[in-house]
Amino acid sequence: MSLRPAPIGQFAHQTRARIHDGVAVFTADVLDQQRAAQLRATAAQLTGSGPFLVQGLTVWTDAGLNALAGDDHGPSGALIAPPARLLAASPGAALDMFPSVHSAVTALRHPPSPLPLPPAGADSQTRSAHRVFTTEPTAMFGARHWIRGLLADWATKSPTDRALVAFSELAAASVATTSTQMHVSVNLWRDPDGALALTVGVRDDDPVLAPAGGRRQDSLRLVAALSRDMGLYRQAADPAGKVAWFTMPVTPQADVSQPCHSDRGRHSC
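Residues numbered from 1 in each chain as written. Predicted model: local features only at pLDDT ≥ 70, side-chain atom pairs only at ≥ 80, totals over all residues. Heavy atoms only, no water.

Chemist: How do you make sense of the pairing of strand S12 (residues 229-235) when you look at a structure like this?
Modeler: Regular strands show a simple pattern: their side chains alternate between the two faces of the sheet. Of all seven residues in S12, six are buried, a share of seventy percent or more. Note that S12 and strand S13 (residues 241-249) share seven bridges and pair antiparallel. Its bridge partner lying in S13, Gly 231 is registered against Trp 245. (Buried < 20%, exposed > 50% of the residue type's maximum accessible area, 1.4 Å probe, protein only. Helix = DSSP H or I, 4+ residues; strand = E, 2+ residues; numbered from the N terminus. Pairing = 2+ DSSP bridges.)

Following this line, the structure appears as structure tokens:
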């Protein structure tokens, strides 16, 4: 993706920084190679050699993404809620992309069990469920039926058909790996703007982030067309793996102020 670099003087005006649980979080709408280097230098001053996060991105270059990923001589960056088109347009970007700051900090500071991370904290207004399926092709039918039932029970005007199509594309990639299990999470939560959002995550045991071309690339383009945000991130669980996820906006039909959690297909509010 091409980008005409903005004057350096605009960088400080367009970029904000804060510290969240010891992790530097930058809000920046434009990213090229020069800006990525500046972010890495600033993160090193703020928090040392630890990882940092970038949110609000709307325009980028592949060189900027590669520079953000870093090397062995400084902090590396990860993206928060990148627009869905980013991964579809730059499939070789070898950096983690999380649905929220909470999920990113949890993964970076407190390595979780092998489950897709919920986007919101435990104190947020949220409903969440997760379940483990085999990677047999027939298991995908059961997973779609489970997700459809959750969304019906949660009484939302959710884009169910779109969500199921997007899930099927991500799940197909997990089935194609050497994993024997597929961890699926479904989360209804409020994003930082207070809007209700649906995030679906699929975890497999292949920690390689950069997807292959061909059919995989076509799947990413389809998910990008159906979603608002989309990404991949690694998990340092045992076994190590990665999570592919997407987020869509939804409209509530019922009160979602009471948390609802589910494990292994059993859910209660």
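Chemist: I tried to follow unusual backbone geometry on my own but got confused; where do I start?
Modeler: Residues apart from glycine generally show negative phi values, whereas peptide bonds are mostly found in trans. Phi at Asp 21 takes a positive value of approximately 50°, unusual for a residue other than glycine. Within the element layout of this structure, Asp 21 appears in the loop between strand S1 (16-20) and strand S2 (23-27). In this model, Ala 81 sits at a positive phi of 45°, which is unusual for a non-glycine residue. Assignment of secondary structure puts Ala 81 in the loop between strand S6 (77-80) and helix H4 (84-89). Accessibility expressed as a relative area gives 26% for Ala 81, which makes it partly exposed.

Chemist: Hey, could you run me through helix H3 (residues 62-69) in this one?
Modeler: Because an α-helix completes one turn every 3.6 residues, residues spaced three or four positions apart along the sequence face the same direction. Among the residues of H3, Gly 64, Leu 65, Ala 67 and Leu 68 are the ones counted as buried. On an axial view of H3, the arc spanned by its buried residues comes to 165°, and they lie on one face. On its buried face, H3 is in contact with strand S3 (30-31), helix H2 (33-47), strand S4 (52-55), strand S5 (59-60), S6 and H4. Gly 70 lies just past H3 and shows a positive phi near 85°. (Arc of directions from axis to C-beta. Contact = heavy atoms within 4.5 Å.)

Chemist: What is the right way to look at the sheet that holds S2 in this model?
Modeler: With mixed pairing, the five strands of this open sheet are ordered in space as S1-S2-S4-S6-S7. Taken across any chain shown, the strands that pair with only one partner, and hence form the sheet edges, are S1 and strand S7 (97-98). Bridge count between S6 and S7: two bridges; the pairing is parallel. Looking across to S7, one finds that Ile 80 is bridged to Phe 98. Seen against the sheet, H2 touches S1, S2 and S4 and runs at an angle of roughly 145° to S2. (Axes fitted to C-alpha atoms, helices over the stretch in contact; angles between N-to-C directions.)

Chemist: Just checking my understanding: could you explain the confidence of the model for the protein for this structure?
Modeler: A low pLDDT score tells you not to read the predicted coordinates there in detail. When pLDDT is averaged across the protein, the result is 81; 82% of the residues are at 70 or more. Taken element by element, the protein is modelled with least confidence in strand S16 (residues 266-268), mean pLDDT 41, and with most confidence in S4, mean pLDDT 95. In the model, residues 1-13 has pLDDT below 50 throughout and makes 19 contacts with residues more than four positions away in sequence or in other chains. A low-confidence stretch, residues 264-269 stays under pLDDT 50, and its non-local contacts, those more than four residues away or across chains, total 15 contacts. (pLDDT = per-residue confidence, 0-100.)

Chemist: I keep staring at the packing of aromatic side chains and nothing clicks. Help me out?
Modeler: Each pair of aromatic rings is reported with the distance of its centres and the angle of its planes. For the coordinates displayed, the defined rule picks out three aromatic pairs. With a centroid separation of 5.8 Å and 90° between ring planes, the pair formed by Phe 26 and Phe 52 is classed as edge-to-face. With Phe 26 in strand S2 and Phe 52 in strand S4, the pair connects residues that are 26 residues apart, well separated along the chain. Take Phe 26 and Phe 52: they sit in the same class, and that class is buried. (Phe/Tyr/Trp six-rings, centres within 6.5 Å; stacked < 30°, edge-to-face > 60°.)

Chemist: Quick question: what am I supposed to make of the pairing of strand S10 (residues 181-190) here?
Modeler: Of all the 10 residues making up S10, eight are buried; the element is thus mostly covered by neighbouring parts of the structure. Note: strand S8 (residues 126-134) against S10, nine bridges, orientation antiparallel. Looking across to S10, one finds that Thr 126 is bridged to Trp 189. Looking at chain direction, S10 and strand S11 (residues 196-204) are connected through eight bridges and run antiparallel. Each bridged residue has a counterpart across the sheet, and for Trp 189 the counterpart in S11 is Ala 197. Turn length for the S10-S11 hairpin, with the two strands adjacent in sequence and antiparallel, is five residues, and the turn residue Gly 194 shows positive phi of about 85°.

Chemist: Would you mind showing me how to read the environment of Leu 164 here?
Modeler: Tracing the sequence through the fold places Leu 164 in helix H7 (residues 160-175). Linking Leu 164 and Ile 147, residues 17 residues apart in sequence, is a C-alpha distance of 7.6 Å. The residues touching Leu 164, leaving out its near neighbours within four places in the chain, are Arg 144, Ile 147 and Arg 148.

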